[in-house]
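Chains, contacts and geometry: an overview
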Amino acid sequence: MGRERFQSGEMGSFYGKFFYDAVVPKDDFLRKLDEMVPWQRFTYKLLKYYKGKGRIGRPPYDPAVLLKMLLLAYLYNLSECDVERFCNRDMPAKCFLGIAATAKAPDHSTLTAFKRRILENGKLSAFEEMLGQIVAIAMESGVTFGPLQIIDSTHSVADVNTQKENHRKEQGKLPRDASAQWGVKHKKTVRDEKGQKVRVPEYFYGYKMHTSFNAEAQMITSVKVSGGKRYDGHYLPSLITSDLEQGLAIDICTADRGYDDTDNHFFLQSRGIHSAIHLNRYRTHKKDAEVPVRPANKQVWIQLKAQPWYKPSLDQRYQIERKFGEGKGGHGLGRCRYLGLLRYGIQAYLTAIALNLKRLVRVLTGVPFKGQVPVMA
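As a starting point, this report considers the structure included with it. Everything numeric in this text was worked out from a predicted model, so none of it was measured. (Residues numbered from 1 in each chain as written. Predicted model: local features only at pLDDT ≥ 70, side-chain atom pairs only at ≥ 80, totals over all residues. Heavy atoms only, no water.)

1. Considering the overall build of the protein chain
What the protein chain contains, in helices and strands, is 14 helices and six strands. Within the span of the protein chain, comprising 377 residues, buried residues form 48% of the whole. Once local pairs closer than 6 in sequence are excluded, the contacts in the protein chain between residues at least 24 apart make up 68%. Accessible surface, the protein chain: about 18,900 Å² in total, of which carbon and sulfur atoms supply 50%. (Helix = DSSP H or I, 4+ residues; strand = E, 2+ residues; numbered from the N terminus. Buried < 20%, exposed > 50% of the residue type's maximum accessible area, 1.4 Å probe, protein only. Contact = heavy atoms within 4.5 Å. Areas by Shrake-Rupley, 256 points an atom, 1.4 Å probe, with all protein chains shown as cover.)

Following this line, the structure appears as structure tokens:
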């Protein structure tokens, strides 16, 4: 399909390439990002979600341009209205989108229609494919992916006022976000009425992003999403399967105690992958004096803990927590942008892609992402 079928961004005018060569530094992060990624690859992969592959009706925006614009919203933690204003004011952003300095960026309603089109025709598999493409581009560009894969999940709070939600329920109204669920964030230590320290769960209302992360590349390779109450351990097989389908050479998989499920250990073994899942205490210790662990059952876990890869791999799990902290602290992952599980999936995948792109540019060029944008009026 010819490029003339897309709406023109007037990049061929004086206020396009020649102007940006003069005003946008060669080492600008967005300029490097534009150079590092073959964005045309996304153009043709995304066109399959358009009616007639974009040949019917008025010329659409190049879907790669809309994807870039959405990624700017996630990189800079902007709403879609704000990213429209940002792209109309910021010269490096316009250069990244490939539109002339005098041209207007697509509006936020176009971004909404773009997300809806992809979701209606490709579901989350379309966004999963985008993440896989970024991982593939990183591999092609020379980023080294090591043998250790880290599995974990993080939570995002639903865009819901839970107190108002209770009132809605009392009035017989439908919930604002029917897919959101209560889940356990973690357990914290508090003192009870007697002053004794006890462990109690801390809850959240929202969703989970189940993630596979390569320790050496420090990039997210696979993502799944669920409601807040879903059991983390059930997602390890699908995450690792996705990684293997992308060609990752995984030798060791580590995860916290929430993944210590016998089925997960056997799954990894069946794929020729060493398990470094953090074992629960009951695996190797007596539950209590009256219910001992049978030696035959205990020995296999004692041997696992003694393997040379076990503890060093566990010691690397902090890396994925740091990546989650980066996603929440700088890219809005802590709270849902949208309502519903599928739309939360968009947020999870685009956040993962944005984090990977930051890493890609840093590894290959040394240019850091500063994350500073002009204040929106």
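Having seen it, we continue.
2. A closer look at the pattern of salt bridges
Where side chains of opposite charge bring their charged atoms close, a pairing between them can arise. Overall, the coordinates contain 18 salt bridges when judged by the stated rule. One salt bridge in this structure joins K26 and D21, with 3.7 Å as the shortest N-O distance. Between D260 and R283 there is a salt bridge, with its nearest N and O atoms 3.1 Å apart. In this pair, D260 sits in the loop between β5 (252-255) and α10 (262-270) while R283 sits in the loop between β6 (274-277) and α11 (295-306), placing the two residues 23 residues apart along the sequence. (Salt bridge = Lys/Arg side-chain N within 4 Å of Asp/Glu carboxyl O.)

3. Some details on the environment of G233
Relative to the helices and strands, G233 resides in the loop between β4 (219-227) and α9 (236-245). For G233, a relative accessible area of 2% puts it in the buried group. Taking the C-alpha atoms as reference points, G233 and N264, separated by 31 residues in sequence, lie 7.4 Å from one another. For G233, the residues in contact, after removing those within four places along its chain, are G258, Y259 and N264.

4. Concerning the packing of aromatic side chains
On inspection of all chains with the given rule, the structure shows eight aromatic pairs. Measuring from centroid to centroid gives 5.8 Å for F19 and Y20, while their planes differ by 65 degrees, and the two rings are edge-to-face. Residue class for F19 comes out partly exposed when judged on its relative accessible area of 22%. You can call Y20 buried: its relative accessible area is 1%. A centroid spacing of 5.7 Å and a plane angle of 40 degrees characterise the contact between W39 and F42, whose relative ring orientation is tilted. The residues W39 and F42 share a single accessibility class, namely buried. Taken together, the ring pairs in this structure connect F29, Y76, F86 and F369 into an aromatic cluster. (Phe/Tyr/Trp six-rings, centres within 6.5 Å; stacked < 30°, edge-to-face > 60°.)

5. Points about unusual backbone geometry
In this model, K123 sits at a positive phi of 55 degrees, which is unusual for a non-glycine residue. Take K123: it is sitting in helix α7 (residues 108-141). Using a relative accessible area of 47% as the deciding quantity, one classes K123 as partly exposed. Of note, Q218 is a non-glycine position whose phi angle comes to about 55 degrees, a positive value. Secondary-structure assignment places Q218 in the loop between β3 (197-214) and β4.

6. Brief notes about the packing of α9 against α10
Interhelical geometry of α9 versus α10 gives an angle of 20 degrees and a closest axis separation of 10 Å. Of the possible angle classes, the one that applies to α9 and α10 is roughly parallel. Regarding α9 and α10, the two cross each other, and that crossing is right-handed. Every residue of α10 that contacts α9 at L236, P237, I240 and T241 is listed here: N264, F267 and L268. (Axes fitted to C-alpha atoms, helices over the stretch in contact; angles between N-to-C directions. Parallel < 35°, antiparallel > 145°, perpendicular 65-115°, else oblique. Left-handed = near helix turned anticlockwise from the far one by under 90°.)

7. With respect to the nonpolar core
Counting 104 residues, the largest nonpolar core has L33, W39, F42 and L72 as the members making the most contacts within it. If you tally residues by element for this core, the top one is α7, at 13 residues. When near neighbours in sequence (up to four residues on either side) are disregarded, L33 contacts W39, L75, F96, L357 and V361. (Core = buried A, V, L, I, M, F, W, Y, C linked by side-chain atoms within 4.5 Å.)

8. Concerning the packing of helix α4 (residues 63-75) against α7
Their axes nearest at 12 Å, the elements α4 and α7 cross at an angle of 90 degrees. In terms of axis orientation, α4 runs roughly perpendicular to α7. On α7, the residues touching P63, L66, L67, M69 and L70 of α4 are T110, L111, F114, K115 and M130. Of the residues that constitute the contact of α4 with α7, the class distribution is eight nonpolar, one polar and one charged. (Nonpolar A, V, L, I, M, F, W, Y, C, P; charged D, E, K, R; others polar.)

9. Re the pairing of β5
Judged by which residues are buried, β5 turns out to be covered on both faces: I252 and T254 on one side and C253 and A255 on the other are all buried. Relative to β5, strand β1 (residues 148-157) is paired through four bridges, and the arrangement is parallel. Opposite L148, over in β5, you have I252 as the bridge partner. In the sheet, β5 pairs with β6 via four bridges, with the strands oriented parallel. Opposite I252, over in β6, you have H274 as the bridge partner. One crossover worth recording links β5 to the parallel β6 by way of α10, and it is right-handed. (Pairing = 2+ DSSP bridges. Right-handed = clockwise from strand over helix to strand, strands pointing away.)

10. Brief notes about a nonpolar patch on the surface
A cluster of nonpolar residues, W182, V184 and Y203, forms a patch on the protein surface that exposes about 340 Å² of accessible area. Among the secondary structure elements, W182 is positioned in strand β2 (residues 181-191). Take W182: its relative accessible area is 49%, and that puts it in the partly exposed class. (Patch = residues over 30% accessible without salt bridge, like charges linked within 9 Å, V, L, I, M, F, W, Y side chains within 5 Å.)

11. Quick word on α10
Those residues of α10 not exposed but buried are N264, H265, F267 and L268. Summarising the axial view, the buried residues of α10 lie within an arc of 160 degrees, below the 170-degree limit, and thus occupy one face. Set apart from the buried face of α10 by more than 90 degrees, the exposed residues are D263 and Q269. Backbone nitrogen of D263 and a side-chain oxygen of the N-cap are separated by 2.8 Å at the start of α10; the cap is D261. (Arc of directions from axis to C-beta. Polar contact = N/O pair within 3.5 Å; in protein donor to acceptor, adjacent residues only side chain to side chain.)

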